[in-house]
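Each chain is listed here by its residues.
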Amino acid sequence: MANANQTLPAFLLLGFSDLKALQGPLFWVVLLVYLVTLLGNFLIILLTQVSPTLHSPMYFFLCHLSIVEVLYTTDIVPRTLADLASPHPRAISFWGCAAQMYNFIVLGISEGCLLTAMAYDRYVAICRPLHYSTLMSRRACAAMVGISWLVGIITATTHSSLIFTLPFPSRPTIPHFLCDILPVLRMASAGKHRSEISVMTATVVFIMVPFSLIVTSYVCILGAILAMGSTQSHRKVFSTCSSHLLMVSLFFGTASITYIWPQEGSSVTTDRILSLFCTIITPVLNPIIYTLRNKEVTRALRHVVKRQVPSP
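Below or above, wherever it landed, is the structure these notes cover. No experiment lies behind these values; they were computed from the predicted model shown. (Residues numbered from 1 in each chain as written. Predicted model: local features only at pLDDT ≥ 70, side-chain atom pairs only at ≥ 80, totals over all residues. Heavy atoms only, no water.)

### Concerning the nonpolar core
One broad rule of soluble globular proteins: the nonpolar side chains tend to lie buried together. Definition in use: Put simply, a nonpolar core is a bunch of buried Ala, Val, Leu, Ile, Met, Phe, Trp, Tyr and Cys residues held in one set by side-chain atoms that sit within 4.5 Å of each other. Relative accessibility decides the category of a residue: with a 1.4 Å probe and only protein chains considered, values under 20% of the type maximum give buried, values over 50% give exposed, and everything between is partly exposed. Going along the chain from the N terminus, every DSSP run of H or I of four or more residues is numbered as a helix, and every run of E of two or more is numbered as a strand. Any pair of residues with heavy atoms lying within 4.5 Å of one another is described as a contacting pair.
Ranked by size, the top nonpolar core spans 62 residues in total, and within it F61 and L115 carry the most contacts. Looking at this core, the elements with two or more residues in it are α1 (20-50), α2 (57-85), α3 (94-127), α5 (138-163), α7 (192-227), α8 (231-260), α9 (268-292) and α10 (295-308). If near-sequence neighbours (up to four positions away) are discounted, F61 is found in contact with L114, A117, M118, D121, M136, C141, M144 and V145. Listed in part, the 22 residues of the second largest apolar core include C113, F164, L166 and I181.

### Regarding the state of the cysteines
Convention followed: A pair of cysteine sulfur atoms is labelled a disulfide when the two atoms are within 2.5 Å.
One pass over the structure, following the stated rule, counts one disulfide. Each sulfur in the disulfide pair C97 and C179 lies 2.1 Å from the other. Measuring handedness by torsion sign, the sulfur bridge of C97 and C179 sits at about -125° and is left-handed. With C97 in helix α3 and C179 in the loop between β3 (173-174) and α6 (181-187), the pair connects residues that are 82 residues apart, well separated along the chain. Overall, C97 belongs to the buried group, its relative accessible area being 0%. In this structure C179 comes out as buried when scored by relative accessible area, which is 1%. Looking at the unpaired C127, the closest cysteine sulfur is the one in C220, lying at 5.7 Å.

### Concerning the packing of aromatic side chains
Just so we agree on the cut-off: For this analysis, a ring pair means two rings from Phe, Tyr or Trp (six-membered ring only for Trp) whose centres lie within 6.5 Å, classed as stacked if their planes differ by under 30 degrees, edge-to-face if by over 60, and tilted for the remaining angles.
Tallying each qualifying case throughout the model produces 13 aromatic pairs. Relative to F177, the ring of F16 has its centre 5.4 Å away and its plane inclined at 20°; by these criteria the two rings are stacked. Taken together, the residues span a long stretch of sequence, with F16 in the loop between β1 (11-13) and α1 and F177 in the loop between β3 and α6 at a distance of 161 residues. Judged by its relative accessible area of 1%, F177 is buried.

### Quick word on the packing of α2 against α3
What counts is decided by this rule: Fitting a line to C-alpha atoms yields each axis, with helices limited to the stretch in contact; the angle taken between N-to-C directions then spans 0 to 180 degrees. Orientation categories follow fixed angle ranges, with anything under 35 degrees roughly parallel, anything over 145 roughly antiparallel, 65 to 115 roughly perpendicular, and all other angles oblique. Left-handed describes a crossing whose near helix is turned anticlockwise from the far helix by less than a right angle; the clockwise case is right-handed. The classification used treats Ala, Val, Leu, Ile, Met, Phe, Trp, Tyr, Cys and Pro as nonpolar, Asp, Glu, Lys and Arg as charged, and all other residues, Gly among them, as polar.
In the contact formed by α2 and α3, the axes pass within 9 Å of each other and the chain directions differ by 160°. For the element pair α2 / α3, the angle class is roughly antiparallel. The chirality of how α2 crosses α3 is left-handed. Considering only residue class, the contact of α2 with α3 consists of 16 nonpolar, four polar and six charged.

Structure below.
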């Protein structure tokens, strides 16, 4: 990083400036998706707070997952919308870029940890039902959420400190719409080797480990399902797990492609599309999946609507 007598460089985010014909339509699409994301996730937060039927560990985690999704998109989308509305690429300050990456890492890691906690909740509910109230007590759930945020904060602090103490050119230009880890690292003059080490470390620890724990939980759940003789029991268990499995597939699937994909096999367009999917599309799917595929949530929504709308 520059010394005390040097000016910290601003990062020029190229965004979608090379696709000028698509900037206008893309602005309205991103804005619409962002508003739906806010509405849907705030709705889930509200329902989990006011509906007694949703006062369980599973929906406690879902509430915090929705909070993460709201903050996650808000860290990225308003800046992206401003860039899409501008005819020319716009710069982001050194500390603005650092803050965006810091928040991005905190929320991304916290989301992965929360999805892991939700998998553990399903494991305990199905495989160890007699111990559920003890293992998934309110204190235990609060501790899992706290650990999720703590892991995200520690990871973001470590990564951001390492990355933003690297030497950067005086006018770094990033062919991306956000200050993600890989695009910023590629601008540093520290070389490709350090970039690969950082990416592999993040991949192994923060993608593969949570994903492996989730897979282990569902292997145990599958064994418990096969031991059940009733087809109705199979359907009930599957219905409680299908929404979570879909969210896990979306989150870890896109994260794995983004950060495990060989650098020589990727392109600027591919990176932007994947990041757009992770930061804008995935968060809007969370409330859609949990409201359309979850009978308890839809039942709670109908009950709240009936209470607010008087009968004729």
